[in-house]
Amino acid sequence: MRFFEGGNLKIIRKLDGGFAGDIHLIETADGARSIRKSYANNPTVDLDAEWNALVFLHGKGYSVPKPLHKTADEMYMQYINNGVLWDFYQATDTATRHDLLDKFTKLLYDLHVLDVNSYNINFIENELAEIKNILKEKQLKNYFSALEKLESRSVNIAVKTPCFIHRDYHPWNVLVDTDERLYAADLPLSQGDFRFDVAWTFMLMSRSGFREFAEKFLLEYAKLNSSVYDDFDFYKSLANLRWLANVSKFAHGQAELECFRHWIRQAEMFLERE
């Protein structure tokens, strides 16, 4: 692809890459811009899976940045002018916030109603098994009672038709352009229950101190699919415990865990209420 040939790329600035990789705004000699996402320093991330998800969803007409180019340990995608949704959301007026929240909710719903050709019918069972393995590996004994409660309750949870899920949907993983169109980003795309996705977003925003946003998000999603309320307390607890397991899985030392201690305590408090 000529856009990336000839060594004519230059880095404009590093963007917030988060926990997994590095993100840079890239520009060619003729001024064309793109986003480069690199996992060169984090071989645990499956770049192929993320790239394939991006290509697949873009091909389905789902609103994601256009995939441009991929190498062994980095990928390039469309540059979205206004950047991270949350930054734009915080800076705008009340009416625009309401509109953006509607779009944010609808974007997740649109993912959940995409056609799925094959079904993963053991989502809860698989989630609980993965969480148990992580807790055992990290010897996180404090969370086993919560896991046992979820295992006991899981036998009575009504199964919904599996769908594509994001697994980490929040306003920092959504981009907005100058026309206020939203684009989902950072999709570790998999199949599962849409209630887990909604609960993950709800609890993440609640833990982060944005309970009002979380409540409005849930209300808007329920307007699109009222069955989201079915067994939702279970999925809130599952999302919290999964988040705690994920933090422990990827944080390899006390320093990393200390960075998350406030959010860890918030997640623990929510589990204790259930």
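On a predicted model such as this, the values are computed, not experimentally measured, just so you know. Residue indices begin from 1 for each chain and proceed along its sequence in written order. Given that this is a predicted model, residues contribute local features only at a pLDDT of at least 70 and side-chain atom pairs are listed and counted only at 80 or more, while totals for whole chains, interfaces and linings are drawn from all residues. As a convention, hydrogens and water are excluded, and side-chain values are obtained from all of the structure's heavy atoms.

1. Comments concerning the side chain of lysine 37
Move 1: Relative to the helices and strands, lysine 37 resides in strand E3 (residues 33-38).
Move 2: For every residue, the accessible area (1.4 Å probe, protein chains only) is compared with the maximum for its type, and the residue is labelled buried under 20%, exposed over 50%, or partly exposed between those bounds. What makes lysine 37 buried here is its relative accessible area of 5%.
Move 3: In this analysis, two residues are considered to be in contact whenever any of their non-hydrogen atoms come within 4.5 Å of each other. Ignoring anything within four residues of it in the chain, the contact list for lysine 37 reads Asp22, Ile23, Glu50, Asp73, Glu74, Met75, Met77 and Asp186. The numbering of helices and of strands both runs from the N terminus, where a helix is a DSSP run of H or I of at least 4 residues and a strand a run of E of at least 2.

2. Focus: the layout of surface pockets
Move 1: Method remark: on a 1 Å grid restricted to protein atoms, a set of points is classed as a cavity if a 1.4 Å probe fits but cannot get out and as a pocket if it is open with protein on both sides within 12 Å along at least five of seven lines; lining residues have an atom within 4 Å of a point. Grid points are joined across faces, edges and corners, and a volume is the space filled by probe spheres set on the points. A volume near 230 Å³ is recorded for the second largest pocket.
Move 2: For the second largest pocket, the full set of lining residues is Trp86, Tyr89, Gln90, Thr94, Arg97, His98, Leu101, Phe210, Glu212, Phe213 and Lys216.
Move 3: Mapped by element, the contributors of at least two residues to the lining of the second largest pocket are helix H2 (85-91), helix H3 (94-112) and helix H7 (211-224).
Move 4: A total of 4 residues in the lining of the second largest pocket trace back to one element, the largest contributor, which is H3.
Move 5: Classification convention: Asp, Glu, Lys, Arg as charged; Ala, Val, Leu, Ile, Met, Phe, Trp, Tyr, Cys, Pro as nonpolar; all other residues, Gly among them, as polar. Grouping the constituent residues of the lining of the second largest pocket by class yields 5 nonpolar, 3 polar and 3 charged.

3. Digging into the packing of H3 against H7
Move 1: H7 packs onto H3 with a crossing angle of 50° between their chain directions and a minimal axis gap of 9 Å. As the angle between them shows, H3 and H7 are arranged oblique. Where H3 crosses over H7, the two elements pack in a sense that is right-handed. On the side of H3, the interface is formed by Leu101, Asp102, Phe104, Thr105, Lys106, Leu108, Tyr109 and His112, while H7 contributes Phe213, Lys216, Phe217, Glu220, Tyr221 and Leu224. Here, axes are lines fitted to C-alpha atoms. For helices the fit covers the stretch in contact, and angles between N-to-C directions go from 0 to 180 degrees. Roughly parallel means an angle under 35 degrees; roughly antiparallel means over 145; roughly perpendicular covers 65 to 115; every other angle is labelled oblique. Helix crossings fall into two classes, left-handed where the near helix is turned counterclockwise from the far one by less than a right angle and right-handed where it is turned clockwise.

4. Remarks on helix H1 (residues 47-59)
Three- or four-residue spacings in an α-helix give side chains the same orientation, since the helix completes a turn every 3.6 residues.
Move 1: Given the number of residues in a helix, its expected span is that number minus one, multiplied by 1.5 Å. Helix length check: H1, at 13 residues, gives a terminal C-alpha distance of 18 Å against a target of 18 Å (1.5 Å per residue), a fit within 8%.
Move 2: The complete set of buried residues in H1 reads Leu47, Glu50, Trp51, Ala53, Leu54 and Leu57. Burial along H1 is one-sided: seen end-on, the buried residues are contained in an arc of 160°.
Move 3: Each element contacted by the buried residues of H1 is listed here: E3, strand E4 (67-70), strand E5 (74-78) and H3.
Move 4: Side-chain atoms alone can form a polar contact between residues adjacent in sequence; in general such a contact is a pair of N or O atoms within 3.5 Å, and within protein one must be able to donate a hydrogen while the other accepts it. For H1, the N-terminal cap is aspartate 46; the gap from its side-chain oxygen to the backbone nitrogen of aspartate 48 is 3.2 Å.
Move 5: One or two residues past the end of H1 sits glycine 61, with phi positive at roughly 85°. The arc in question is the one spanned by the directions pointing from the helix axis to the C-beta atoms.

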